[in-house]
Amino acid sequence: MRATSVLAVGTMLGEGPVWIEGALWFVDIKGRLIHRFDPATGDARRWETPDQIGWILPAASSEMIVGLRTGVHRFDPASGTYDQLHDPEPHSPGSRLNDATTDTAGRLWFGTMDDDERANTGRLYRCDNGRCVDTGAAPVAITNGPSISADRRTLYHTDTLAKTIWRLPIDPAGHLGKPERHIVIEEGAGHPDGSVLDAEGCLWTGLYGGWSVRRYDPAGKFMASVPFPVANVTKIAFGGDGLRTAFATTARKGLDAAALADQPEAGDLFAFDPGVAGLPVVAARI
């Protein structure tokens, strides 16, 4: 397995890839852009956003749900308009939304973070049918993941600065149980960023500053690593025929002129053959 660039887009902070109806959608957080790429035709489109954007996910209608710095919004690609639905932290101007997922019931899970990446103010939220609540997970500076098992019984939650991915049980009502340390990334290997589960229940995580994506088995044991020609790999999404292609977002953020000269593809969208299928993304019920 080796990743190759499939779209020279040069994002400052590419994130949130998701496969929706035959195309790969992703965002550039710092560039304030939504991107859509059709690998079959090579067609690429983009939309400007009114603020920093952490993620984009399908909604139960033809519109989409996005996480802007100012909260959860409905986004209409046809008109390019945004409609705010929920602001989880109206009194925290230094926070922004960062990374999200839906479970197989359509519940939306997302995290917030300190935009300065220092204070432990980032929290994890759950939204269902218009109601958003703090899950009670311990606050961290940079929340990432989250990812949910297909049976909706386990949540994987990443504390990026602590280089730790936590495993938490979920009860039928969506309440979280006691966290267990699932994966710890060793020193010198970068920081765990976005995570996603494949059809075999294994977890994949991008490594920011780690030049790779890693796969771990359900017990948290390291299985494989996919090398990249760029340092900052943020997250993967499964797409293409049978959801058997892995697409990965990357970032230029934090790279100086010398590093960018050595990594001309930094910020591009990459793809590789993961050797396993992914899970379909369920539309958000919000």
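Right above here is the structure, for reference.
Here's what I pulled together on the structure shown here. (Residues numbered from 1 in each chain as written. Predicted model: local features only at pLDDT ≥ 70, side-chain atom pairs only at ≥ 80, totals over all residues. Heavy atoms only, no water.)

Side note on the side chain of Thr143
Thought 1: As for its placement among the helices and strands, Thr143 is situated in strand 14 (residues 143-148).
Thought 2: A polar side-chain atom of Thr143 sits 2.9 Å from the main-chain carbonyl oxygen of Thr112.
Thought 3: Setting aside residues no more than four positions away along its own chain, Thr143 makes contact with Asn98, Gly111, Thr112, Met113, Gly122, Arg123, His157 and Thr158. (Helix = DSSP H or I, 4+ residues; strand = E, 2+ residues; numbered from the N terminus. Polar contact = N/O pair within 3.5 Å; in protein donor to acceptor, adjacent residues only side chain to side chain. Contact = heavy atoms within 4.5 Å.)

Quick look at the nonpolar core
Thought 1: The biggest cluster of nonpolar side chains holds 29 residues, and the ones touching the most others in it are Trp25, Ile34, Trp55, Ile56, Phe75, Leu108 and Phe110.
Thought 2: Those elements that place two or more of their residues in this core are strand 2 (14-20), strand 3 (23-28), strand 6 (53-58), strand 7 (64-68), strand 8 (71-76), strand 10 (95-102), strand 11 (108-114) and strand 12 (124-128).
Thought 3: Once residues within four sequence positions are removed from consideration, Phe75 is found in contact with Trp25, Ile34, Trp47, Ile56, Glu63, Met64, Val66, Gly80, Thr81 and Tyr82. (Core = buried A, V, L, I, M, F, W, Y, C linked by side-chain atoms within 4.5 Å. Buried < 20%, exposed > 50% of the residue type's maximum accessible area, 1.4 Å probe, protein only.)

What about the environment of Leu269?
Thought 1: Among the secondary structure elements, Leu269 is positioned in strand 24 (residues 269-272).
Thought 2: You can call Leu269 buried: its relative accessible area is 1%.
Thought 3: Note: C-alpha distance between Leu269 and Val9 (260 residues apart in sequence) is 6.8 Å.
Thought 4: Once residues within four sequence positions are removed from consideration, Leu269 is found in contact with Thr4, Ser5, Val6, Leu7, Val9, Leu24, Phe26, Phe37, Phe247, Ala248 and Thr249.

Description of the sheet that holds strand 20 (residues 212-216)
Thought 1: Spatial strand order, 18-19-20-21: 4 strands in an open sheet with antiparallel pairing. At either end of the open sheet lies a strand with only one pairing partner, and these are strand 18 (191-197) and strand 21 (222-227). If you compare each strand with its neighbour and ignore which way they point, the axes differ by 25° on average.
Thought 2: Relative to strand 19 (residues 203-208), strand 18 is paired through 5 bridges, and the arrangement is antiparallel. Within the sheet, the bridge partner assigned to Leu197 lies in strand 19 and is Leu203. (Pairing = 2+ DSSP bridges. Axes fitted to C-alpha atoms, helices over the stretch in contact; angles between N-to-C directions.)

With respect to the state of the cysteines
Thought 1: All chains considered together, the criterion is met by 1 disulfide.
Thought 2: One disulfide bridge connects Cys127 with Cys132, the sulfur atoms lying 1.9 Å from each other. Every disulfide takes its handedness from the sign of the S-S torsion; for Cys127 and Cys132 that torsion is 110°, giving right-handed.
Thought 3: Residue class for Cys127 comes out buried when judged on its relative accessible area of 0%.
Thought 4: Here Cys132 falls in the buried class, since its relative accessible area comes to 15%. (Disulfide = S-S within 2.5 Å.)

Let's talk about the pairing of strand 5 (residues 44-48)
Thought 1: Alignment of strand 4 (residues 33-37) against strand 5, held across 5 bridges, turns out to be antiparallel. Bridging across to strand 5, Ile34 finds its partner in Trp47.
Thought 2: Taken together, strand 4 and the strand that follows it, strand 5, pair antiparallel across an intervening segment of 6 residues, in which Gly42 is found at a positive phi of about 85°.

Quick notes on the packing of aromatic side chains
Thought 1: Under the defined criterion, the tally for this structure stands at 11 aromatic pairs.
Thought 2: Between Phe75 and Tyr82, the aromatic rings sit 4.9 Å apart at their centres with planes inclined by 25°, giving stacked as the arrangement.
Thought 3: Between the aromatic rings of Tyr216 and Phe222, the centroid separation amounts to 5.9 Å while the plane-to-plane angle is 70°, which identifies the pairing as edge-to-face.
Thought 4: An aromatic cluster of three or more residues is present, and its members are Trp204, Phe228, Phe238, Phe270 and Phe272.
Thought 5: In this structure, Arg126 is placed above the aromatic ring of Trp109, and the distance from its NZ or CZ to the ring centre is 5.8 Å. (Phe/Tyr/Trp six-rings, centres within 6.5 Å; stacked < 30°, edge-to-face > 60°. Lys NZ or Arg CZ within 6 Å of the ring centre and 35° of its normal.)

Quick word on the pattern of salt bridges
Side-chain pairs of opposite charge can arise whenever the charged atoms involved come near each other.
Thought 1: As enumerated under the stated definition, the model contains 16 salt bridges in all.
Thought 2: With its nearest N and O atoms 3.7 Å apart, the salt bridge here joins Arg32 to Asp51. Placement of Arg32 in the loop between strand 3 and strand 4 and of Asp51 in the loop between strand 5 and strand 6 is noted, with a sequence separation of 19 residues between them.
Thought 3: Shared partners join several salt bridges into a network, and the residues in it are Lys30, Arg96 and Asp115. (Salt bridge = Lys/Arg side-chain N within 4 Å of Asp/Glu carboxyl O.)

It is worth stressing that arrangement in space is one thing and function is another; only the former is reported here.
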